[in-house]
Amino acid sequence: MSKSAVLLLNLGSPDSTSVPDVRRYLEEFLGDERVIDKPAIGFLRSLLVKQIICRFRAPKSAHAYESIWTPEGSPLILTSKQVQAKLQTRTTLPVELAMNYGNPSIPDVLRRLVNQGVDRLLLFPQYPHYAMSSWETVVVKVQREAAVIAPGLKIECVQPYYGDADYIEALVASAKPYLAQPHDHLLFSYHGIPVRHLTKADSSHAHCQVVPDCCTTCSPAHATCYKAQVTRTTQLFAEKAGLKPGSWSITFQSRLVGEPWLSPYTDHAFEEMPGRGIKRLLVITPAFVTDCLETLEEIRVEGAEDYKKAGGEDFTHIPCLNDQPVWIDFLDKRIRAWQETGAVSA
Ligand SMILES: C=CC1=C(C)c2cc3[nH]c(cc4nc(cc5[nH]c(cc1n2)c(C)c5CCC(=O)O)C(CCC(=O)O)=C4C)c(C)c3C=C
Ligand SMILES: [Fe+2]
Ligand SMILES: [Fe+2]
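Thresholds applied
- Residues numbered from 1 in each chain as written.
- Chains lettered and ligands numbered in written order.
- Predicted model: local features only at pLDDT ≥ 70, side-chain atom pairs only at ≥ 80, totals over all residues.
- Helix = DSSP H or I, 4+ residues; strand = E, 2+ residues; numbered from the N terminus.
- Rg over C-alpha atoms; globule rule 2.2 N^0.38 Å.
- Buried ≥ 20, exposed ≤ 12 C-beta atoms within 10 Å, placed from the backbone.
- Contact = placed C-beta atoms within 7 Å.
- UniProt positions renumbered as here; feature names shortened; annotations may be inferred.
- Near = placed C-beta within 6 Å.
- Nonpolar A, V, L, I, M, F, W, Y, C, P; charged D, E, K, R; others polar.
- Expected span 1.5 Å × (residues − 1).
- Arc of directions from axis to C-beta.
- Pairing = 2+ DSSP bridges.
- Axes fitted to C-alpha atoms, helices over the stretch in contact; angles between N-to-C directions.
- Domains from an automatic or database assignment.

1. A short note on the overall build of the protein
Logical step 1: Helix and strand counts for the protein come out as twelve helices and eight strands.
Logical step 2: Taking 20 Å as the expected radius of gyration for a compact globule of 346 residues, we find that the protein reaches 20 Å, a close match to that expectation.
Logical step 3: When the backbone C-alpha atoms are referred to their principal axes, the protein occupies close to 65 × 50 × 45 Å.
Logical step 4: Within the protein, the proportion of its 346 residues that are buried is 42%.
Logical step 5: Contacts in the protein between residues at least 24 apart in sequence constitute 77% of all its contacts with a sequence separation of at least 6.

As C-alpha coordinates, then:
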(Lines give C-alpha, C1' and ligand atoms only; values in the text may rest on other atoms or scores of the structure.)
(Ligands and ions follow the chains in the order given, each with its own letter.)
Protein backbone atom coordinates (compact mmCIF):
# COMPACT_ATOMS: atom_id res chain seq x y z
CA MET A 1 0.00 0.00 0.00
CA SER A 2 1.20 3.49 -0.90
CA LYS A 3 2.09 5.83 2.00
CA SER A 4 2.02 9.61 1.47
CA ALA A 5 3.60 12.45 3.47
CA VAL A 6 4.04 16.21 3.34
CA LEU A 7 7.33 18.10 3.58
CA LEU A 8 7.29 21.80 4.51
CA LEU A 9 10.37 23.56 3.16
CA ASN A 10 11.97 26.87 4.07
CA LEU A 11 15.35 28.57 3.84
CA GLY A 12 16.97 27.84 7.21
CA SER A 13 19.03 29.60 9.88
CA PRO A 14 22.42 29.07 11.51
CA ASP A 15 22.51 26.61 14.44
CA SER A 16 23.53 29.42 16.80
CA THR A 17 24.58 33.06 16.69
CA SER A 18 28.29 32.23 17.07
CA VAL A 19 30.43 33.62 14.24
CA PRO A 20 31.70 30.13 13.17
CA ASP A 21 28.11 28.77 12.99
CA VAL A 22 26.90 31.81 11.06
CA ARG A 23 29.88 31.57 8.72
CA ARG A 24 29.22 27.85 8.08
CA TYR A 25 25.58 28.63 7.33
CA LEU A 26 26.42 31.53 5.01
CA GLU A 27 28.99 29.38 3.18
CA GLU A 28 26.38 26.71 2.54
CA PHE A 29 23.71 29.25 1.57
CA LEU A 30 25.77 31.62 -0.56
CA GLY A 31 27.78 28.72 -1.98
CA ASP A 32 24.57 27.54 -3.68
CA GLU A 33 24.97 28.10 -7.42
CA ARG A 34 21.35 29.28 -7.67
CA VAL A 35 21.82 31.97 -4.99
CA ILE A 36 25.18 33.44 -6.01
CA ASP A 37 25.51 32.27 -9.60
CA LYS A 38 28.57 34.32 -10.61
CA PRO A 39 31.36 33.69 -11.45
CA ALA A 40 30.29 30.64 -13.46
CA ILE A 41 33.53 28.74 -12.74
CA GLY A 42 32.95 26.72 -9.57
CA PHE A 43 36.25 27.25 -7.77
CA LEU A 44 36.25 31.03 -8.43
CA ARG A 45 32.72 31.28 -7.03
CA SER A 46 33.70 29.24 -4.01
CA LEU A 47 36.72 31.51 -3.45
CA LEU A 48 34.55 34.63 -3.72
CA VAL A 49 31.90 33.28 -1.35
CA LYS A 50 34.18 31.67 1.25
CA GLN A 51 37.09 34.06 1.38
CA ILE A 52 35.49 37.38 0.64
CA ILE A 53 31.75 37.50 1.28
CA CYS A 54 31.35 35.11 4.23
CA ARG A 55 34.53 36.13 6.02
CA PHE A 56 33.42 39.75 6.15
CA ARG A 57 29.69 39.17 6.43
CA ALA A 58 29.66 36.53 9.19
CA PRO A 59 30.44 38.83 12.17
CA LYS A 60 27.87 41.42 11.00
CA SER A 61 25.21 38.74 10.38
CA ALA A 62 25.98 37.05 13.73
CA HIS A 63 25.37 40.36 15.47
CA ALA A 64 22.07 40.81 13.61
CA TYR A 65 20.97 37.25 14.50
CA GLU A 66 21.77 37.94 18.18
CA SER A 67 19.21 40.74 18.17
CA ILE A 68 16.34 38.42 17.14
CA TRP A 69 17.41 35.07 18.68
CA THR A 70 15.00 33.48 21.17
CA PRO A 71 15.89 31.19 24.12
CA GLU A 72 14.71 28.28 21.89
CA GLY A 73 16.76 29.40 18.88
CA SER A 74 16.02 30.97 15.51
CA PRO A 75 12.54 32.52 15.14
CA LEU A 76 12.29 31.09 11.60
CA ILE A 77 12.92 27.51 12.78
CA LEU A 78 10.82 27.85 15.91
CA THR A 79 7.79 29.21 14.07
CA SER A 80 8.19 26.64 11.28
CA LYS A 81 8.08 23.86 13.92
CA GLN A 82 4.93 25.40 15.41
CA VAL A 83 3.32 25.41 11.96
CA GLN A 84 4.34 21.77 11.46
CA ALA A 85 2.85 20.77 14.84
CA LYS A 86 -0.43 22.64 14.24
CA LEU A 87 -0.79 21.18 10.77
CA GLN A 88 -0.11 17.69 12.12
CA THR A 89 -3.23 17.98 14.30
CA ARG A 90 -5.33 18.49 11.13
CA THR A 91 -4.14 15.63 8.92
CA THR A 92 -3.42 11.93 9.19
CA LEU A 93 -0.47 12.28 6.76
CA PRO A 94 2.94 12.65 8.41
CA VAL A 95 4.00 16.34 8.19
CA GLU A 96 7.78 16.87 8.13
CA LEU A 97 9.88 20.03 8.06
CA ALA A 98 13.26 20.62 6.39
CA MET A 99 15.45 23.62 5.72
CA ASN A 100 17.39 24.19 2.51
CA TYR A 101 20.47 25.23 4.54
CA GLY A 102 21.31 24.10 8.07
CA ASN A 103 18.93 22.02 10.20
CA PRO A 104 16.61 20.13 10.11
CA SER A 105 18.41 19.05 6.95
CA ILE A 106 16.83 17.65 3.80
CA PRO A 107 18.86 14.37 3.80
CA ASP A 108 18.01 13.63 7.47
CA VAL A 109 14.31 14.12 6.84
CA LEU A 110 14.33 12.06 3.63
CA ARG A 111 16.02 9.18 5.48
CA ARG A 112 13.35 9.32 8.19
CA LEU A 113 10.56 9.27 5.60
CA VAL A 114 12.08 6.28 3.80
CA ASN A 115 12.34 4.40 7.12
CA GLN A 116 8.64 5.08 7.70
CA GLY A 117 7.83 3.48 4.34
CA VAL A 118 6.75 6.74 2.65
CA ASP A 119 6.71 6.42 -1.15
CA ARG A 120 4.79 9.56 -2.19
CA LEU A 121 5.81 13.00 -1.00
CA LEU A 122 4.23 16.44 -1.39
CA LEU A 123 6.77 19.28 -1.21
CA PHE A 124 5.28 22.47 0.19
CA PRO A 125 7.79 25.33 -0.21
CA GLN A 126 7.01 28.10 2.25
CA TYR A 127 7.61 30.62 -0.53
CA PRO A 128 4.56 32.06 -2.32
CA HIS A 129 6.67 33.23 -5.30
CA TYR A 130 9.05 31.52 -7.69
CA ALA A 131 12.69 32.61 -7.56
CA MET A 132 15.73 30.66 -8.71
CA SER A 133 17.32 31.49 -5.33
CA SER A 134 14.38 30.29 -3.18
CA TRP A 135 11.66 28.06 -4.68
CA GLU A 136 13.71 26.44 -7.43
CA THR A 137 16.83 25.75 -5.42
CA VAL A 138 15.03 24.00 -2.55
CA VAL A 139 12.96 21.82 -4.89
CA VAL A 140 16.01 20.85 -6.95
CA LYS A 141 17.91 20.02 -3.76
CA VAL A 142 15.18 17.66 -2.51
CA GLN A 143 15.05 15.97 -5.92
CA ARG A 144 18.85 15.62 -6.05
CA GLU A 145 19.11 14.20 -2.52
CA ALA A 146 16.11 11.89 -3.03
CA ALA A 147 17.68 10.43 -6.18
CA VAL A 148 20.39 9.02 -3.90
CA ILE A 149 18.60 8.43 -0.58
CA ALA A 150 15.10 7.49 -1.79
CA PRO A 151 15.20 6.61 -5.49
CA GLY A 152 11.70 5.05 -5.42
CA LEU A 153 10.05 8.11 -3.86
CA LYS A 154 7.43 9.86 -6.03
CA ILE A 155 7.82 13.59 -5.49
CA GLU A 156 5.16 16.19 -6.26
CA CYS A 157 5.35 19.88 -5.50
CA VAL A 158 2.89 22.64 -4.64
CA GLN A 159 3.33 25.32 -7.31
CA PRO A 160 3.93 28.99 -6.37
CA TYR A 161 0.68 30.24 -4.83
CA TYR A 162 1.22 34.00 -5.21
CA GLY A 163 -2.15 34.42 -6.94
CA ASP A 164 -4.18 31.75 -5.16
CA ALA A 165 -7.43 33.35 -3.89
CA ASP A 166 -7.11 31.46 -0.57
CA TYR A 167 -3.55 32.73 -0.04
CA ILE A 168 -4.60 36.32 -0.78
CA GLU A 169 -7.57 35.95 1.55
CA ALA A 170 -5.30 34.69 4.35
CA LEU A 171 -2.86 37.57 3.81
CA VAL A 172 -5.62 40.20 3.81
CA ALA A 173 -7.28 38.65 6.88
CA SER A 174 -3.99 38.72 8.79
CA ALA A 175 -3.44 42.38 7.81
CA LYS A 176 -7.00 43.55 8.54
CA PRO A 177 -6.52 44.73 12.17
CA TYR A 178 -3.47 46.75 11.08
CA LEU A 179 -5.22 48.25 8.04
CA ALA A 180 -7.92 49.50 10.42
CA GLN A 181 -5.32 51.62 12.27
CA PRO A 182 -4.85 55.21 11.07
CA HIS A 183 -1.96 55.22 8.56
CA ASP A 184 -0.74 57.25 5.57
CA HIS A 185 0.67 54.46 3.41
CA LEU A 186 1.03 50.68 3.10
CA LEU A 187 4.42 49.52 1.83
CA PHE A 188 4.80 46.03 0.35
CA SER A 189 8.47 45.20 0.96
CA TYR A 190 9.58 42.05 -0.88
CA HIS A 191 12.95 40.27 -0.63
CA GLY A 192 15.07 41.49 -3.57
CA ILE A 193 16.96 39.46 -6.15
CA PRO A 194 19.56 40.57 -8.71
CA VAL A 195 17.85 41.94 -11.86
CA ARG A 196 20.01 39.47 -13.80
CA HIS A 197 18.12 36.57 -12.15
CA LEU A 198 14.89 37.84 -13.74
CA THR A 199 16.21 37.86 -17.29
CA LYS A 200 17.96 34.53 -16.71
CA ALA A 201 14.65 32.94 -15.66
CA ASP A 202 12.89 34.11 -18.85
CA SER A 203 13.74 31.30 -21.28
CA SER A 204 12.37 33.33 -24.24
CA HIS A 205 14.74 36.22 -23.40
CA ALA A 206 12.09 38.33 -25.11
CA HIS A 207 9.74 39.40 -22.32
CA CYS A 208 11.18 40.29 -18.89
CA GLN A 209 12.78 43.75 -18.95
CA VAL A 210 12.23 43.82 -22.74
CA VAL A 211 8.47 44.40 -23.19
CA PRO A 212 7.24 47.71 -21.65
CA ASP A 213 5.25 46.98 -18.47
CA CYS A 214 6.46 43.36 -18.75
CA CYS A 215 5.15 42.39 -15.30
CA THR A 216 1.56 43.38 -16.06
CA THR A 217 1.58 42.18 -19.70
CA CYS A 218 0.39 38.58 -19.92
CA SER A 219 3.20 36.14 -20.78
CA PRO A 220 4.23 32.51 -20.17
CA ALA A 221 7.47 34.03 -18.77
CA HIS A 222 5.51 34.92 -15.62
CA ALA A 223 5.60 31.26 -14.54
CA THR A 224 9.21 31.93 -13.51
CA CYS A 225 9.20 35.72 -13.05
CA TYR A 226 9.58 36.74 -9.41
CA LYS A 227 8.79 40.39 -10.13
CA ALA A 228 5.61 39.60 -12.09
CA GLN A 229 4.48 37.29 -9.29
CA VAL A 230 5.04 39.79 -6.46
CA THR A 231 3.28 42.43 -8.58
CA ARG A 232 0.29 40.09 -8.94
CA THR A 233 0.16 39.31 -5.20
CA THR A 234 0.14 43.03 -4.49
CA GLN A 235 -2.56 43.85 -7.06
CA LEU A 236 -4.80 41.06 -5.76
CA PHE A 237 -4.24 42.15 -2.16
CA ALA A 238 -5.08 45.76 -3.05
CA GLU A 239 -8.31 44.65 -4.77
CA LYS A 240 -9.36 42.30 -1.98
CA ALA A 241 -8.57 44.80 0.81
CA GLY A 242 -10.10 47.71 -1.13
CA LEU A 243 -6.93 49.82 -0.97
CA LYS A 244 -7.17 53.30 -2.53
CA PRO A 245 -4.92 53.99 -5.55
CA GLY A 246 -1.80 55.84 -4.39
CA SER A 247 -2.12 54.55 -0.81
CA TRP A 248 0.35 51.70 -1.34
CA SER A 249 3.60 50.88 -3.16
CA ILE A 250 6.14 48.08 -3.70
CA THR A 251 9.83 48.06 -2.74
CA PHE A 252 12.58 45.42 -2.48
CA GLN A 253 14.83 44.76 0.52
CA SER A 254 17.92 42.75 1.55
CA ARG A 255 20.17 43.49 -1.43
CA LEU A 256 23.88 42.70 -1.57
CA VAL A 257 26.42 44.96 -3.28
CA GLY A 258 28.01 44.32 -6.66
CA GLU A 259 25.20 44.55 -9.23
CA PRO A 260 21.71 46.05 -9.66
CA TRP A 261 18.97 44.37 -7.61
CA LEU A 262 15.24 44.85 -8.04
CA SER A 263 14.25 48.40 -7.20
CA PRO A 264 12.97 50.68 -5.72
CA TYR A 265 14.89 49.80 -2.59
CA THR A 266 13.08 49.55 0.76
CA ASP A 267 15.80 51.39 2.72
CA HIS A 268 15.62 54.35 0.30
CA ALA A 269 11.83 54.47 0.74
CA PHE A 270 12.17 54.63 4.54
CA GLU A 271 14.49 57.61 4.15
CA GLU A 272 12.42 59.59 1.65
CA MET A 273 8.80 58.85 2.65
CA PRO A 274 8.62 61.18 5.69
CA GLY A 275 9.74 64.08 3.43
CA ARG A 276 6.69 63.36 1.23
CA GLY A 277 4.35 63.63 4.19
CA ILE A 278 4.11 59.89 4.91
CA LYS A 279 4.43 60.02 8.68
CA ARG A 280 2.50 56.85 9.65
CA LEU A 281 3.72 53.82 7.76
CA LEU A 282 2.47 50.23 7.63
CA VAL A 283 4.87 47.65 6.18
CA ILE A 284 3.88 44.18 4.98
CA THR A 285 6.41 41.55 3.83
CA PRO A 286 4.58 38.88 1.79
CA ALA A 287 7.69 37.19 0.33
CA PHE A 288 8.15 35.67 3.78
CA VAL A 289 5.41 33.52 5.26
CA THR A 290 7.39 33.27 8.50
CA ASP A 291 9.02 36.11 10.43
CA CYS A 292 12.80 35.85 10.20
CA LEU A 293 15.97 37.91 10.28
CA GLU A 294 14.88 39.90 7.23
CA THR A 295 11.59 41.01 8.79
CA LEU A 296 12.41 41.12 12.51
CA GLU A 297 15.79 42.84 12.24
CA GLU A 298 15.96 44.52 8.83
CA ILE A 299 12.41 45.88 8.85
CA ARG A 300 11.19 45.99 12.45
CA VAL A 301 14.44 47.19 14.06
CA GLU A 302 16.65 48.82 11.41
CA GLY A 303 13.79 49.97 9.16
CA ALA A 304 11.82 51.57 11.98
CA GLU A 305 14.96 53.34 13.21
CA ASP A 306 15.85 54.73 9.76
CA TYR A 307 12.28 55.83 9.09
CA LYS A 308 12.03 57.67 12.41
CA LYS A 309 15.46 59.26 11.92
CA ALA A 310 14.14 60.64 8.62
CA GLY A 311 11.13 62.24 10.37
CA GLY A 312 8.61 59.36 10.34
CA GLU A 313 6.37 59.20 13.40
CA ASP A 314 4.62 55.85 13.46
CA PHE A 315 6.04 52.61 12.00
CA THR A 316 4.24 49.26 12.09
CA HIS A 317 5.39 45.98 10.58
CA ILE A 318 2.48 43.62 9.95
CA PRO A 319 3.59 40.18 11.22
CA CYS A 320 4.02 37.41 8.65
CA LEU A 321 1.41 34.65 8.48
CA ASN A 322 3.51 32.55 10.89
CA ASP A 323 1.32 29.98 12.71
CA GLN A 324 -1.89 32.02 12.51
CA PRO A 325 -5.04 29.90 12.02
CA VAL A 326 -5.68 31.45 8.56
CA TRP A 327 -2.29 30.15 7.38
CA ILE A 328 -2.80 26.67 8.86
CA ASP A 329 -6.23 26.61 7.15
CA PHE A 330 -4.60 27.45 3.81
CA LEU A 331 -1.92 24.75 4.14
CA ASP A 332 -4.48 22.19 5.30
CA LYS A 333 -6.83 22.97 2.38
CA ARG A 334 -4.05 22.57 -0.20
CA ILE A 335 -2.88 19.28 1.35
CA ARG A 336 -6.45 17.91 1.33
CA ALA A 337 -6.86 18.90 -2.34
CA TRP A 338 -3.68 16.96 -3.17
CA GLN A 339 -4.84 13.94 -1.16
CA GLU A 340 -8.25 13.93 -2.81
CA THR A 341 -7.49 14.91 -6.41
CA GLY A 342 -3.69 15.10 -6.76
CA ALA A 343 -3.92 18.90 -7.36
CA VAL A 344 -0.71 20.86 -6.79
CA SER A 345 -2.14 24.23 -7.75
CA ALA A 346 -5.45 26.02 -7.15
C1 LIG B 1 22.63 36.52 -3.37
C2 LIG B 1 22.04 36.67 -2.23
C3 LIG B 1 20.63 36.39 -1.88
C4 LIG B 1 19.51 36.12 -2.68
C5 LIG B 1 19.41 36.07 -4.19
C6 LIG B 1 18.41 35.85 -1.79
C7 LIG B 1 17.09 35.53 -2.18
C8 LIG B 1 16.07 35.17 -1.29
N9 LIG B 1 16.15 34.96 0.07
C10 LIG B 1 14.91 34.65 0.58
C11 LIG B 1 14.57 34.41 1.92
C12 LIG B 1 15.39 34.65 3.03
N13 LIG B 1 16.66 35.19 3.01
C14 LIG B 1 17.13 35.28 4.30
C15 LIG B 1 18.38 35.72 4.69
C16 LIG B 1 19.44 36.05 3.82
N17 LIG B 1 19.38 36.21 2.45
C18 LIG B 1 20.64 36.47 1.95
C19 LIG B 1 21.02 36.60 0.60
C20 LIG B 1 20.19 36.33 -0.51
N21 LIG B 1 18.87 35.99 -0.51
C22 LIG B 1 21.55 36.49 3.07
C23 LIG B 1 23.04 36.74 2.99
C24 LIG B 1 20.80 36.20 4.22
C25 LIG B 1 21.37 35.95 5.63
C26 LIG B 1 21.31 37.00 6.53
C27 LIG B 1 22.28 38.11 6.27
O28 LIG B 1 23.48 37.89 6.36
O29 LIG B 1 21.80 39.21 5.98
C30 LIG B 1 16.12 34.80 5.21
C31 LIG B 1 16.19 34.78 6.73
C32 LIG B 1 16.89 33.58 7.32
C33 LIG B 1 16.79 33.53 8.83
O34 LIG B 1 17.56 32.78 9.45
O35 LIG B 1 15.97 34.20 9.47
C36 LIG B 1 15.04 34.38 4.42
C37 LIG B 1 13.76 33.77 4.89
C38 LIG B 1 14.00 34.64 -0.52
C39 LIG B 1 12.51 34.36 -0.41
C40 LIG B 1 14.72 34.97 -1.68
C41 LIG B 1 14.26 35.12 -3.06
C42 LIG B 1 13.11 35.65 -3.40
FE1 LIG C 1 17.67 35.95 1.30
FE1 LIG D 1 8.50 41.06 -15.84
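2. Brief notes about the UniProt feature "binding site: Fe(2+)" (unreviewed entry) in the protein
Logical step 1: Within this numbering scheme, the UniProt entry marks His 191 and Glu 294 as carrying the feature "binding site: Fe(2+)" (unreviewed entry). The greatest C-alpha distance among the annotated residues, which extend across 104 residues, is 8.1 Å, indicating that they converge on a single site.
Logical step 2: Within the element layout of this structure, His 191 appears in strand β5 (residues 185–191).
Logical step 3: What makes His 191 buried here is the crowd of 27 C-beta atoms within 10 Å.
Logical step 4: For His 191, the residues in contact, after removing those within four places along its chain, are Gln 253, Ser 254, Ala 287, Phe 288 and Glu 294.
Logical step 5: Secondary-structure assignment places Glu 294 in helix α10 (residues 293–296).
Logical step 6: Setting aside residues no more than four positions away along its own chain, Glu 294 makes contact with His 191, Gln 253, Ser 254 and Phe 288.

3. Some thoughts on the site of ligand 1
Logical step 1: Lining the immediate surroundings of ligand 1 are 22 residues, of which Ser 13, Ser 61, Ala 131, Cys 292 and Leu 293 lie closest.
Logical step 2: Looking at the shell around ligand 1 residue by residue, the classes come out as 13 nonpolar, seven polar and two charged.

4. Considering helix α12 (residues 325–341)
Because an α-helix completes one turn every 3.6 residues, residues spaced three or four positions apart along the sequence face the same direction.
Logical step 1: Compared with the 24 Å implied by 1.5 Å per residue over 17 residues, the 24 Å span of α12 between its first and last C-alpha is a close match.
Logical step 2: Buried within α12 are the following residues: Trp 327, Phe 330, Leu 331, Arg 334, Ile 335 and Trp 338. One side of α12 holds all its buried residues, which, seen down the axis, span an arc of 125°. Those residues of α12 that are exposed and aimed more than 90 degrees away from the buried face are Glu 340 and Thr 341.
Logical step 3: In this fold, the buried residues of α12 make contact with β1 (4–10), α3 (75–88), β3 (120–125) and α6 (165–179).

5. Re the sheet that holds strand β7 (residues 280–284)
Logical step 1: Pairing in this open sheet of four strands is parallel, and the strands run β6-β5-β7-β8 from one edge to the other. Two strands lie at the open edges of the sheet, namely β6 (248–253) and β8 (314–317), each paired on one side alone. Averaged over all pairs of adjacent strands, the angle between strand axes in this sheet comes to 25°, irrespective of strand direction.
Logical step 2: Bridge analysis of β7 against β8 gives four bridges, and the strand direction is parallel. Considered in β8, the bridge of Arg 280 is made with Asp 314.
Logical step 3: The strands that helix α11 (residues 298–309) touches are β5, β6, β7 and β8; relative to β8, the one it contacts most, it runs at about 165°.

6. Quick look at the environment of Ser 263
Logical step 1: Along the polypeptide, Ser 263 turns up in the loop between β6 and α9 (266–272).
Logical step 2: A count of 12 C-beta atoms within 10 Å places Ser 263 in the exposed class.
Logical step 3: Counting along the chain gives 169 residues from Ser 263 to Pro 94, while the straight-line C-alpha distance between them is 41 Å.

7. Quick word on the pairing of strand β4 (residues 154–157)
Logical step 1: Summarising the sheet, β3 and β4 pair through four bridges and their orientation is parallel. Among the inter-strand pairings, Leu 123 is bridged to a residue of β4, identified as Cys 157.

8. A word on unusual backbone geometry
Logical step 1: In the segment running from Asn 103 into Pro 104, the intervening peptide bond is cis, with an omega of -5°.
Logical step 2: Looking at the secondary structure, you find Pro 104 in the loop between β2 (95–99) and α4 (106–115).
Logical step 3: Of the consecutive residues Ser 263 and Pro 264, the connecting peptide bond is found in the cis state with omega at 0°.
Logical step 4: Within the secondary structure, Pro 264 is located in the loop between β6 and α9.
Logical step 5: Residues other than glycine seldom take positive phi values, yet His 205 does so here, at roughly 50°.
Logical step 6: Note that His 205 resides in the loop between α7 (195–201) and α8 (226–241).
Logical step 7: Owing to 11 C-beta atoms within 10 Å, His 205 belongs among the exposed residues under this scheme.
Logical step 8: A positive phi angle, near 65°, is found at Ser 254, a position not held by glycine.

9. Considering the domain arrangement of the protein
Logical step 1: What the domain assignment reports for the protein is domain 1 (4–160 + 325–341) and domain 2 (165–317).
Logical step 2: The C-alpha-based centres of domain 1 and domain 2 are spaced at 23 Å.
Logical step 3: Domain 1 puts 21 residues into the contact, and the matching count from domain 2 is 24 residues.
Logical step 4: Its residues assigned to classes, the side of domain 1 that touches domain 2 comprises 13 nonpolar, seven polar and one charged.

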